[in-house]
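What follows is each chain in one-letter form.
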Amino acid sequence: MSPESRSTPARLTAPATVKLPRYVLLGLGLAYILAGLFLRDPWKTDDVVGVATMLTALHEGMRAWLLPQVGQLAYAQDGPLVTWVGAAAIWLFGAWIGELSAARLPNLLWFGLTAWGLWYGTYLLGRRKEAQPLALPFGGEPTVRDYGRMLADAALLLLIATAGILWRTHETSEVPAIMAWQALAYYGLARMLDKPVLGATVLGVALAAAFLTRSWPGALPILIAMALAFQPRSALWRSRRWLMWPLLLAMTLVLLWWVPASQQGEYWMRAWRQWNESLFGFPGFAGIGRMLRDLPWFLWPTWPLALVALWRWRAWLAAPHISIPASFAFGAAVLLPLMRQPSEPEFMLLVVPCAVLAAFALPTLRRGVVNTLDWFAVMCFSLTLATVWLGWVALHFGWPAKIAGNIARQTAGFEPQVSWTAFALALGISACWVALVNWRLRTRPAALWRGTVLSACGLSATWLLLVLLWMPPVDYARSYRTVSGELAAALEQHRRPGECQRALSLGSGQRASFLVFDGLNFAYDSRCTLVLQQTTRNDLRDGTAAYSDIDPAQVLWQGGRRADRHEVFRLLRIAPSQ
């Protein structure tokens, strides 16, 4: 019996697919991505390293464009695409809005591509015959267009509601970009069902961009998804003659970078290949345990619904609306136990397919289950909003005392000041959440997207409150702006004419922070007599840090972030022979 002849698990009436106002979807998306993107310092590690590679490319010239660097440090990992786009944004808009703000403009592009690819890909799949809900005896089922639009809206709202991507989509790194290319690849496969040339071209561009963004960990899941999607039972099998085109297009685009990069930077490319090789391997049982602990929280709330979709649509596994997102999910999931340290960059590749599958699970759920999910979203996010407010009260007024003490330990030296503008905006957002909950309780809407709206708005409201009420202390605790300024002043005071500076045990995030905030660069020259040392208070106390009492060195400056009880920086002058 073919899947088309079986009874579809989707049960839906026309009122359940009533159109969600476009301004709600657009406004929610803009509020989500704009909040916390600007008006803050870049934080270590990935966030500030991304900005540093962009600034280095802009200031150092062509070689740093071709081979990303953090100052004089070869940043031989991931790929150059994020650096290219960010450096171009700084060049175009840096004079108008500042370099740091311009460096974050590409995040709007990445989120826009993610939303566009996810929405249109789901819309195309949701309009297909295999995905349609059961026809009712006396009519009243939704139209094909309304049904596809409802599913696309739900997929996008579920992506916004995904807890793990909240911070990652706002950092200047390869992580939000790789999610965008996967969403574009998903759209390309869905588009190949009716327009194979256009779909194959989009797929090839997405594959090349994924490789240039995250190297093999970014491209392999898409390649695996392509191999699984083009199986004989799939509707894509008819377009198999176009399968070589995206592969050739992707290979050509990658070679446009690979060939000159290999000629110009043999050391960089060798280190880049070693980085790729170092990523793959068995993570060990401890690593698998951490992955199983973190992944469910990262993908909440989409992964349970994605499993429900696979079960409810199990007779339609070969249908495109299940097989295509399931192929992407499998391509990302199968790599996790093959990575030495699977973490959030790898988890991001599961976000788009889980959101799509979760959207297709909604029409199969009973009304009671949908209502339960609504109530869970209301209770969960009402609690998170209340928790944010409670923490703010503890920060500023010292009550409850235990919470205030914990916050004070994490933000030692921070002097809180109430911003009445931020306070008023936070009150307004909280009032909007109360109004949304009241709308759900009072009108009892039949629209199936109501639960996804509650979840997306709840997470976005929590994020907005965190940005408005908590950004100053978080920025204080995670930014290196103050210590970078102190170090720059010490160098200005103590550096002799012609004297160079180098670093000892300096982390990539710290190196990038000093470059971004004050343009400080550190050479790889053992003859430099000015040494910036990164160590810990324990090592200094125990005498195990380099250049301790047994190693003569003049300490010119010592400092660190007051919120960090361990990390210490020392500016030393050593004898030339050392």
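Up top you'll find the structure we're talking about.
Presented here is a report on the structure given in the accompanying data block. As the structure is a prediction and not an experimental result, all values here were calculated from the model. (Residues numbered from 1 in each chain as written. Predicted model: local features only at pLDDT ≥ 70, side-chain atom pairs only at ≥ 80, totals over all residues. Heavy atoms only, no water.)

## Let's talk about the overall build of the protein
For the protein, the count of helices and strands is 25 helices and 6 strands. Taking 2.2 N^0.38 as the reference for a compact globule, 578 residues should give roughly 25 Å; the C-alpha atoms of the protein span a radius of gyration of 26 Å, in line with that estimate. Overall, the protein is about 90 × 60 × 50 Å in size when its C-alpha atoms are taken along their principal axes. Here the protein, with 578 residues, has 54% of them falling under the buried criterion. Long-range pairs, those at least 24 residues apart, make up 79% of the contacts in the protein between residues at least 6 apart in sequence. One finds the centroid of the 50 positive side-chain charges in the protein at a distance of 11 Å from the centroid of its 33 negative side-chain charges. (Helix = DSSP H or I, 4+ residues; strand = E, 2+ residues; numbered from the N terminus. Rg over C-alpha atoms; globule rule 2.2 N^0.38 Å. Buried < 20%, exposed > 50% of the residue type's maximum accessible area, 1.4 Å probe, protein only. Contact = heavy atoms within 4.5 Å. Lys, Arg positive; Asp, Glu negative; His and termini not counted. Charge placed at Lys NZ, Arg CZ, Asp CG, Glu CD.)

## So, the sheet that holds strand β4 (residues 530–536)
Strands sit in the order β3-β4-β6-β5 across an open sheet of 4 strands; the sheet is mixed. At either margin of the open sheet sits one strand with a lone partner, and together these are β3 (501–504) and β5 (554–559). Direction aside, the axes of adjacent strands within the sheet are offset by 25° on average. Inspection of the sheet shows β3 paired to β4 by 4 bridges, in the parallel sense. For A503, the partnering residue across the bridge sits in β4 and is L532. Each of β3, β4, β5 and β6 (567–573) touches helix α23 (residues 481–494); the most contacted strand, β5, lies at about 155° to it. Across the sheet, helix α24 (residues 508–518) is in contact with β3, β4 and β6; its angle to β6 comes to roughly 65°. (Pairing = 2+ DSSP bridges. Axes fitted to C-alpha atoms, helices over the stretch in contact; angles between N-to-C directions.)

## Observations regarding a nonpolar patch on the surface
A cluster of nonpolar residues, W91, L92, F93, W96 and I97, forms a patch on the protein surface that exposes about 670 Å² of accessible area. Mapped onto the elements of the fold, W96 is located in helix α4 (residues 81–97). (Patch = residues over 30% accessible without salt bridge, like charges linked within 9 Å, V, L, I, M, F, W, Y side chains within 5 Å. Areas by Shrake-Rupley, 256 points an atom, 1.4 Å probe, with all protein chains shown as cover. Salt bridge = Lys/Arg side-chain N within 4 Å of Asp/Glu carboxyl O.)

## Regarding the packing of aromatic side chains
Two numbers describe a pair of aromatic rings. These are the distance of the centres and the angle of the planes. Evaluated as defined, the whole model comprises 30 aromatic pairs. Taken together, a centroid distance of 5.9 Å and an interplanar angle of 75° make the contact between F211 and W272 edge-to-face. Of this pair, F211 sits in helix α10 (residues 196–214) while W272 sits in helix α13 (residues 266–279), placing them 61 residues apart in sequence. An identical accessibility class is assigned to F211 and W272; each is buried. On the basis of an interplanar angle of 85° and a centroid distance of 5.6 Å, the ring pair of W420 and F423 is categorised as edge-to-face. Here W420 pairs with F423, and both are found in helix α21 (residues 420–443), just 3 residues apart, close to one helical turn. (Phe/Tyr/Trp six-rings, centres within 6.5 Å; stacked < 30°, edge-to-face > 60°.)

## Some points on helix α18 (residues 351–361)
An α-helical turn contains 3.6 residues, so any two residues separated by three or four positions project in the same direction. Most of α18 is tucked away, with 11 of its 11 residues classed as buried. Listing the buried residues of α18 in full gives V351, V352, P353, C354, A355, V356, L357, A358, A359, F360 and A361.

## Observations concerning unusual backbone geometry
For the bond running from K44 to T45, omega is 5°, close enough to zero to count as cis. Mapped onto the elements, T45 comes out in the loop between α1 (22–34) and α2 (46–60). Between W399 and the following residue, P400, the backbone shows a cis peptide bond with an omega angle of 0°. In this structure, P400 sits in the loop between α19 (367–397) and α20 (401–410).

## Let's talk about the pattern of salt bridges
Where charged atoms from two side chains of opposite charge approach closely, those side chains can pair. Under the counting rule described, the total for this entry stands at 21 salt bridges. Across the salt bridge formed by R168 and E171, the nearest N and O atoms sit 2.3 Å from each other. An identical accessibility class is assigned to R168 and E171; each is buried. Where E499 meets R573, a salt bridge forms, and the shortest distance between an N and an O atom there is 3.0 Å. Taken as a pair, E499 in the loop between α23 and β3 and R573 in strand β6 lie far apart in primary sequence, 74 residues in all. R573 matches E499 in its accessibility class, with the two residues each being buried. Where salt bridges share partners, they join D46, R168, E171 and E344 into one cluster.

## A closer look at the nonpolar core
Among the nonpolar cores identified, the biggest contains 175 residues, and L159, W181, L189 and F514 are the most heavily contacted of them. Ignoring anything within four residues of it in the chain, the contact list for F514 reads Y480, V483, S484, L487, L506, G519, L520, F522, L532 and F569. (Core = buried A, V, L, I, M, F, W, Y, C linked by side-chain atoms within 4.5 Å.)

## Some points on the side chain of E130
Turning to its location among the elements, E130 is positioned in the loop between α6 (105–126) and α7 (144–161). Polar contacts involving the side chain of E130 include one to the side chain of R128, which spans 3.1 Å. (Polar contact = N/O pair within 3.5 Å; in protein donor to acceptor, adjacent residues only side chain to side chain.)

## Quick notes on the side chain of S484
As for its placement among the helices and strands, S484 is situated in helix α23. Look past the residues within four positions of S484 in its chain and what remains in contact with it is S513, F514, F517, D518 and L520.

## Structural notes on the state of the cysteines
Two cysteines whose sulfur atoms are joined by a covalent bond form what is called a disulfide. Evaluation of the coordinates by the stated rule reveals 1 disulfide. The residue that forms a disulfide with C500 is C528, at a sulfur-sulfur distance of 1.9 Å. Here C500 and C528 share a disulfide; its torsion about the S-S bond, -115°, makes the bridge left-handed. Of the two residues, C500 sits in the loop between α23 and β3 while C528 sits in the loop between α24 and β4, which places them 28 residues apart along the sequence. For C500, a relative accessible area of 29% corresponds to the partly exposed category. With no disulfide partner, C380 has as its closest neighbouring cysteine sulfur the one in C457, 14 Å distant. According to the relative accessible area criterion, C380 is partly exposed, its value standing at 27%. C457 takes part in no disulfide bond, and the closest cysteine sulfur, belonging to C432, lies 9.3 Å away. (Disulfide = S-S within 2.5 Å.)

## A word on the packing of α6 against helix α9 (residues 174–191)
Contact pair α6 / α9: the axes reach a minimum separation of 8 Å and the direction vectors enclose 25°. When the interaxial angle is binned, α6 and α9 end up roughly parallel. For the pair α6 and α9, the crossing hand works out as left-handed. For the pair α6 and α9, the contacting residues are N107, W110, L113, T114, W116, G117, L118, Y120, G121, T122, L124 and L125 in the first and P176, A177, M179, A180, W181, A183, L184, Y186, Y187, A190 and R191 in the second. (Parallel < 35°, antiparallel > 145°, perpendicular 65-115°, else oblique. Left-handed = near helix turned anticlockwise from the far one by under 90°.)

## Quick look at helix α22 (residues 450–478)
Counted at 1.5 Å a residue, the expected span for α22 with its 29 residues is 42 Å, but the 37 Å between its end C-alpha atoms falls short. Roughly 70° is the biggest bend found in α22, and it falls at W470, with proline P472 one to four residues downstream. Across the 29 residues of α22, 22 count as buried, placing the element largely inside the fold. (Expected span 1.5 Å × (residues − 1). Bend = angle between axes of the 7 residues up to and from the residue.)

Just geometry here; none of it tells us what the structure is for.
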